[in-house]
Amino acid sequence: MTFNEIKNDEHQYMMHTYGRFDTALVSGKGATAKDADGKEYIDFTSGIGVNSLGYCDDGWVRAVCDQASTLQHISNLYYSPLQTELSKKLCGLSGMDKVFLCNSGAEANECAIKIARKYSFDKYGAGRQKILTLINSFHGRTVTTLSATGQDVFHNYFFPFTDGFDYVIADNAEDLKNKLTDDVCAVFVELIQGEGGVMPLSREFVSEVASVCSESDVLFMVDEVQTGISRTGAVFCFENYGIRPDVVTLAKGLGGGLPIGACLCNEKLGNVMTAGTHGTTFGGNPVACAAAAEVLSRVTSEDFLKEVSAKGEYIRSKLSGMNNVSEIRGMGMMIGIVTEKDNAKAVAAECVKNGLLILTAKNLLRMLPPLTITYEEIDKGLSILKSVMEENT
Ligand SMILES: *Cc1c(COP(=O)(O)O)cnc(C)c1O
């Protein structure tokens, strides 16, 4: 099929929920993708932070294929060693106590929201159900996670939205304290707002949230759907802030390309969710668990994490001398670039034409390269970006 045939069929048979770049990707290896016409692209996106090990990593492919030919799915009516081993690994890495396995970021966040409300209901009774999130946050596309998302543009059309959320100005401790009323059961934040434009929270604010939460038995929950699984140079971004949240949610990079999410909670919350209060048909699917186990076995060593930080630094240093770059934000290999000409969308589209896949977030350019990207691939991608940035300035 040619690109135009694919594009026409997409238009005819699929709901128009996505604004897509003009290319159809059909294969890939490492940080290089190929389109339907055989053209190659350096990939600085990893499918929005999903393909942690790049395209079709040998070990990952083996783990997935082996599991697919052993046992592809069982219901959650039965025990699964793949689920238990993955959960044990996640607890060991995070210091958390228990795990719920699901299929996406929004679902992991739904679980966090349910834990917060049930914990408070069990202990304090009805009426203490409000969850504070941050203005400019992103927590997903279900009706409830849209409510949790602190951006007005997401609060349209689908009324009525789930009640019980209020929004705090990021990095504003005063606003947090004003909104932390008696009916609040949790504060839920991204430590680096990803979709909101790669905005890291300040250490002071995060410590403040942690301490006011623990003083009033309000849960401190972090959405690490984008920042988690070694993206920022630590397995979990909360380690960079020297805090230990009550709840952590994961998805994107966890499965290395298969859909899996996880909600982790600490000891205090380990028994909040009981049989019948939550569940999902596909959650903890053996193939997805095998993929996640392979990812964790590869991206969590000290040496690997140092490499992620080093590559992030290398990219930053190369970007800092580049035309049209006015600010660089983020941590590790989660990088946002403010452009002088405020033309990120045009730059990203031009990059695709020139063989580079790169993301945007709000009016920024955003990079989430596969964690295993080589310096050679980085150089190749940056040289394409550089020439596009020069053309457009
Ligand atoms: C992508 C994202 C989500 C939503 O994840 P889905 O898998 O698309 O449901 C939630 N929170 C954050 C921080 C994200 O980046």
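Rules used throughout
- Residues numbered from 1 in each chain as written.
- Predicted model: local features only at pLDDT ≥ 70, side-chain atom pairs only at ≥ 80, totals over all residues.
- Heavy atoms only, no water.
- Domains from an automatic or database assignment.
- Contact = heavy atoms within 4.5 Å.
- Buried area = accessible area lost by both parts, 1.4 Å probe.
- Salt bridge = Lys/Arg side-chain N within 4 Å of Asp/Glu carboxyl O.
- Polar contact = N/O pair within 3.5 Å; in protein donor to acceptor, adjacent residues only side chain to side chain.
- Pairing = 2+ DSSP bridges.
- Helix = DSSP H or I, 4+ residues; strand = E, 2+ residues; numbered from the N terminus.
- Buried < 20%, exposed > 50% of the residue type's maximum accessible area, 1.4 Å probe, protein only.
- Core = buried A, V, L, I, M, F, W, Y, C linked by side-chain atoms within 4.5 Å.
- Axes fitted to C-alpha atoms, helices over the stretch in contact; angles between N-to-C directions.
- Left-handed = near helix turned anticlockwise from the far one by under 90°.
- Nonpolar A, V, L, I, M, F, W, Y, C, P; charged D, E, K, R; others polar.
- Near = heavy atom within 4 Å.
- Areas by Shrake-Rupley, 256 points an atom, 1.4 Å probe, with all protein chains shown as cover.
- Parallel < 35°, antiparallel > 145°, perpendicular 65-115°, else oblique.

I'm lost on the domain arrangement of the protein in this one. Help?
It is common to give the size of an interface as the accessible area that goes away when the parts come together. Domain annotation of the protein identifies domain 1 (3–57 + 301–391) and domain 2 (71–299). If you average the C-alpha positions of domain 1 and of domain 2, the two centres end up 26 Å apart. Listed per partner, the contact involves 28 residues of domain 1 and 30 residues of domain 2. The contact between domain 1 and domain 2 buries some 2,400 Å² in all, and 60% of this surface belongs to carbon and sulfur atoms. Here domain 1 is connected to domain 2 by two salt bridges. Linking domain 1 to domain 2 there are twelve residue pairs in polar contact (both at pLDDT 80 or more).

Would you explain the sheet that holds strand β2 (residues 32–35) in this entry?
In sheet architecture, strand pairing relies on hydrogen bonds along the backbone and comes in two forms, parallel and antiparallel. With respect to topology, four strands assemble into an open sheet ordered β1-β2-β3-β15, the strand pairing being mixed. What marks the edges here is a single partner per strand, and that holds for β1 (25–29) and β15 (356–357). Of the pairings in the sheet, the one linking β1 to β2 comprises four bridges and is antiparallel in character. Directly across from G28, in β2, lies its bridge partner A33.

Even after reading the chapter, I still don't get unusual backbone geometry, so can you show me in this structure?
For residues other than glycine, phi is negative in most cases, and the peptide bonds are mostly trans. Following F159, the chain continues into P160 via a peptide bond in cis, with omega recorded as -5 degrees. Even without being a glycine, D171 presents a positive backbone phi close to 65 degrees. Considering the arrangement of structural elements, one finds D171 in the loop between β6 (165–168) and α7 (173–179). Although it is not a glycine, V198 sits at a positive phi angle of roughly 50 degrees. Here V198 lies in the loop between β8 (192–193) and β9 (199–200). A relative accessible area of 0% means that V198 is categorised as buried.

Explanation requested: the nonpolar core in the structure shown.
In summary, soluble globular proteins display a tendency toward joint burial of nonpolar side chains. Core analysis: the largest hydrophobic core is formed by 80 residues, its most contacted members being L191, L250, L254, L319, L365 and L385. When residues of this core are assigned to domains, at least three fall in each of domain 1 (3–57 + 301–391) and domain 2 (71–299). If we skip the residues at most four places from it in the chain, L191 touches M199, P200, L201, V206, V222, E224, C237, F238 and Y241. A112, I131, A148 and V272 belong to the second largest nonpolar core, which has 19 residues in total.

What's the story with the pattern of salt bridges in this structure? I'm lost.
Between side chains of opposite charge, pairing is possible as soon as their charged atoms come close. For the coordinates displayed, the defined rule picks out 18 salt bridges. The partner of R329 in a salt bridge is E327, with the nearest N and O atoms 3.3 Å apart. Using a relative accessible area of 36% as the deciding quantity, one classes E327 as partly exposed.

Explanation requested: the packing of helix α4 (residues 81–94) against helix α10 (residues 286–299) in the structure shown.
Angle between the axes and distance between the axes are the two parameters that describe a pair of packed helices. As a packed pair, α4 and α10 sit with axes 9 Å apart at the nearest point and diverge in direction by 35 degrees. Considering the relative orientation of α4 and α10, their crossing is left-handed. Within the contact between the two elements, α4 uses L82, Q83, L86, K89, L90 and L93 and α10 uses P286, C289, A290, A292, A293, L296 and S297. For the contact of α4 with α10, a count of residues per class yields ten nonpolar, two polar and one charged.

I'm lost on the site of the ligand in this one. Help?
As a structural note, the neighbourhood of the ligand is formed by S104, G105, A106, N109, F138, H139, G140, E190, D223, V225, Q226 and K252. Here a nitrogen atom of the ligand and a backbone polar atom of F138 are 3.3 Å apart. Between the ligand and Q226, the relevant distance is 2.7 Å, taken from an oxygen atom to a side-chain nitrogen or oxygen of the residue. Protein chains bury 81% of the 380 Å² of accessible surface belonging to the ligand in isolation. Ranked by residue count, the leading element in the shell around the ligand is helix α5 (residues 105–124), at three residues. Looking at side-chain class alone, the shell around the ligand contains three nonpolar, six polar and three charged residues.

For this particular structure, what's the right way to read the packing of helix α11 (residues 302–320) against helix α13 (residues 375–391)?
One can describe the packing of α11 onto α13 by two numbers: an axis separation of 11 Å at closest approach and a directional angle of 25 degrees. Taken together, α11 and α13 sit at an angle that is classed as roughly parallel. The interaxial crossing formed by α11 with α13 has right-handed handedness. Across the interface between the two elements, E307, A310, K311, Y314, I315, K318 and L319 of α11 pack against Y375, I378, D379, L382 and L385 of α13. Within the contact of α11 with α13, the residues separate by chemical class into eight nonpolar, no polar and four charged.

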